[in-house]
Amino acid sequence: MDIRITPALLKGKINVPPSKSISHRALIAAALAKGESRLYGLLDCVDTVATIEALTALGAEIEKKDGYTIVKGIEKPSAFADINCHESGSTLRFLMPVAAALGVNSVFRGEANLPNRPITPYFTEFKKHNVKFITDKMPYEMNGKLSGGVYEIAGNISSQFITGFLFALSLLKEDSVIKLTSSLESKPYVDLTTDVMRSFGITIEEYEQEYRIKGGQKFTPCEYHVEADMSQAAFFLVGKAIGGDIETLGLNPDSRQGDKEIINIVRSFSKTGTAFEVDATQIPDLVPIMTVLACFAKGMSHIYGCERLRIKESDRLATITEELNKLGADIKIIDDSLYINGVNQLHGGECFAHTDHRIAMSLAIASQRCTEPIIIKGAECVSKSYPTFFDDFKMLGGIADVI
């Protein structure tokens with residue numbers, strides 16, 4: 001789907017959709033709890049559907065009702081599961097160790113860029129703990145039942161591996177320890193995991209450079225409400241900062257989501273309009289939309305700590321730079337940093353989403369400051385996390401037409 005956007009300032013109130021990150025975690029915790037849980041405000045998108053399908057393949061029963069989702073936890077795990085994660089890195093990395101902990105022999109498949117995203121910690125740690133990979137490329141086939149003990153994992157590849165092991169090791173009878181062999185990047189996402197697990201009765205002990213998981217714990221069914229997504233709110237907060245008149249509704253000021261930092265970044269920018277410097281180590285998903293914000297700052301902004309953006313749905317350092325520069329931005333990549341020299345406006349033109357939802361949405365927000373229309377090719381990728389994005393965009397006065 002290609003979309004033509006005629007520049008217009010956005011105006012109005014927007015209810016921010018539920019958190020995708022929390023939705024994944026709540027679904028998994030509920031599926032691991034024997035009994036019935038009710039999840040309210042669950043995000044309905046391609047990625048969460050992938051997690052629902054995967055959990056169903058493992059033995060859970062999940063039913064959508066009007067206003068909530070019923071999850072009947074896994075009573076008897078499947079003997080074998082063939083799981084298509086589609087493009088969801090969360091589904092893949094969270095559920096591979098869960099399947100292993102349940103003793104489910106499984107095949108994990110994926111699409112688009114997912115087969116290229118690394119799972120190195122699983123290759124190294126599974127074989128130490130009784131699980132064997134039959135294949136070393138996607139589709140990944142693995143057999144065996146995960147055992148407890150000590151797991152040594154680098155924290156600078158993806159926090160998703162830590163989350164996957166936290167869920168999995170909580171299912172075992174033995175005690176386990178996750179020892180981090182490097183600093184943990186995107187730690188707020190692990191904090192989200194432990195928060196959700198706590199709501200379902202699981203306690204994780206956190207120490208410096210390690211997590212301790214007591215064996216013999218049980219996930220407990222509950223009612224859980226998913227809060228609004230700070231990552232998605234970021235698009236509209238930046239949209240307001242660069243000229244729109246948008247009120248974002250439903251945000252939790254006490255949220256543990258790391259991307260809540262966008263509120264402070266935008267607040268500071270709105271006071272001065274000047275260039276800024278941001279360490280993106282803990283907030284990598286904000287980089288595309290922060291780059292849009294920096295395009296309209298006075299002076300040279302610097303966004304660093306971006307190494308892991310090269311292994312997302314696209315190489316986000318390259319794609320956001322390439323596409324915004326096509327529209328008249330002045331962005332350079334040096335090592336794993338972005339240097340953005342602010343401009344007053346962008347011109348129009350044709351750009352590509354690179355099958356990356358955050359690139360597509362960032363370009364749409366940038367259109368407010370374009371002098372001519374832009375065309376976003378492959379804009380359907382927003383369905384990965386925010387299927388109604390362009391409906392909401394138009395509700396705020398955006399002029400977007402499918403061509």
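Placed above this text is the structure.
The structure presented is a predicted model; accordingly, all values stated were derived computationally and were not measured.

Conventions and cut-offs
Residues numbered from 1 in each chain as written. Predicted model: local features only at pLDDT ≥ 70, side-chain atom pairs only at ≥ 80, totals over all residues. Heavy atoms only, no water. Helix = DSSP H or I, 4+ residues; strand = E, 2+ residues; numbered from the N terminus. Buried < 20%, exposed > 50% of the residue type's maximum accessible area, 1.4 Å probe, protein only. Contact = heavy atoms within 4.5 Å. Polar contact = N/O pair within 3.5 Å; in protein donor to acceptor, adjacent residues only side chain to side chain. Expected span 1.5 Å × (residues − 1). 1 Å grid on protein atoms, 1.4 Å probe; cavity = no way out; pocket = protein on both sides within 12 Å on 5 of 7 lines; lining within 4 Å. Points joined across faces, edges and corners; volume = space filled by probe spheres on them. Pairing = 2+ DSSP bridges. Axes fitted to C-alpha atoms, helices over the stretch in contact; angles between N-to-C directions. Nonpolar A, V, L, I, M, F, W, Y, C, P; charged D, E, K, R; others polar.

Below, the discussion takes up the environment of Arg-109. Locating Arg-109 in the fold gives a position in strand β7 (residues 105-109). Given a relative accessible area of 33%, Arg-109 falls into the partly exposed group. Linking Arg-109 and Met-138, residues 29 residues apart in sequence, is a C-alpha distance of 6.0 Å. Once you skip the residues sitting within four places of it in the chain, Arg-109 turns out to touch Asp-82, Ile-83, Asn-84, Cys-85, His-86, Leu-114, Met-138 and Pro-139. A polar side-chain atom of Arg-109 sits 2.8 Å from a polar atom in the side chain of Asp-82.

Let us look at helix α6 (residues 187-199). Compared with the 18 Å implied by 1.5 Å per residue over 13 residues, the 19 Å span of α6 between its first and last C-alpha is a close match. Counting buried residues in α6 gives 10 out of 13 residues, a clear majority hidden from the surface. All of the buried residues along α6 are Pro-188, Tyr-189, Val-190, Asp-191, Leu-192, Thr-193, Thr-194, Asp-195, Val-196 and Met-197. Where α6 is buried, its residues meet α1 (20-31), α5 (159-169), β12 (204-207), β13 (210-213), β14 (223-225) and α7 (230-241). The first or second residue beyond α6 is Gly-201, which carries a positive phi of 90 degrees.

As a further point, take empty space enclosed by the protein. In total, this model carries 3 cavities of 30 Å³ or more according to the counting rule given. Of the pockets and cavities examined, the largest cavity occupies roughly 370 Å³. Considering the residues around the largest cavity, the lining is formed by 29 residues, among which Ser-90, Arg-117, Gln-160, Asp-285 and Lys-312 are closest to the centre. Mapped onto the lining of the largest cavity, the elements with two or more residues apiece are α1, α3 (89-102), α5 and α11 (357-366).

Moving on, we get to the sheet that holds strand β9 (residues 140-144). Pairing is mixed in the open sheet, where 4 strands are placed in the order β6-β7-β9-β8. Each edge of the open sheet carries a strand with a single partner, namely β6 (80-84) and β8 (131-133). The average angle at which neighbouring strand axes cross in this sheet is 20 degrees, direction not considered. Both β6 and β7 contribute to a ladder of 5 bridges, which runs parallel. Counted as the bridge partner of Ala-81 is Ser-106 from β7. Taken strand by strand, α3 contacts β7, β8 and β9, and its axis lies near 30 degrees from that of β9.

With that settled, the discussion passes to the pairing of strand β10 (residues 149-153). As judged from the 5 bridges shared by β10 and strand β11 (residues 176-180), these two strands associate in the parallel manner. By the bridge assignment for β11, Ile-153 is matched with Leu-180.

Quantified by volume, the largest pocket comes out at close to 540 Å³. Considering the residues around the largest pocket, the lining is formed by 19 residues, among which Lys-34, Leu-102, Leu-171, Leu-172 and Lys-218 are closest to the centre. The class makeup of the residues in the lining of the largest pocket is 10 nonpolar, 3 polar and 6 charged. Each pocket or cavity is described by its volume, and for the second largest pocket that value is around 170 Å³. As for the second largest pocket, its lining consists of Leu-237, Lys-240, Ala-241, Ile-246, Thr-248, Ile-262, Ile-263, Val-266, Arg-267 and Ser-270. Of all the secondary-structure elements, those providing two or more residues to the lining of the second largest pocket are α7, β15 (245-249) and α8 (261-272). Looking at the lining of the second largest pocket, the element that brings in the most residues is α8, giving 5 residues. Residue composition of the lining of the second largest pocket, grouped by class: 6 nonpolar, 2 polar and 2 charged.

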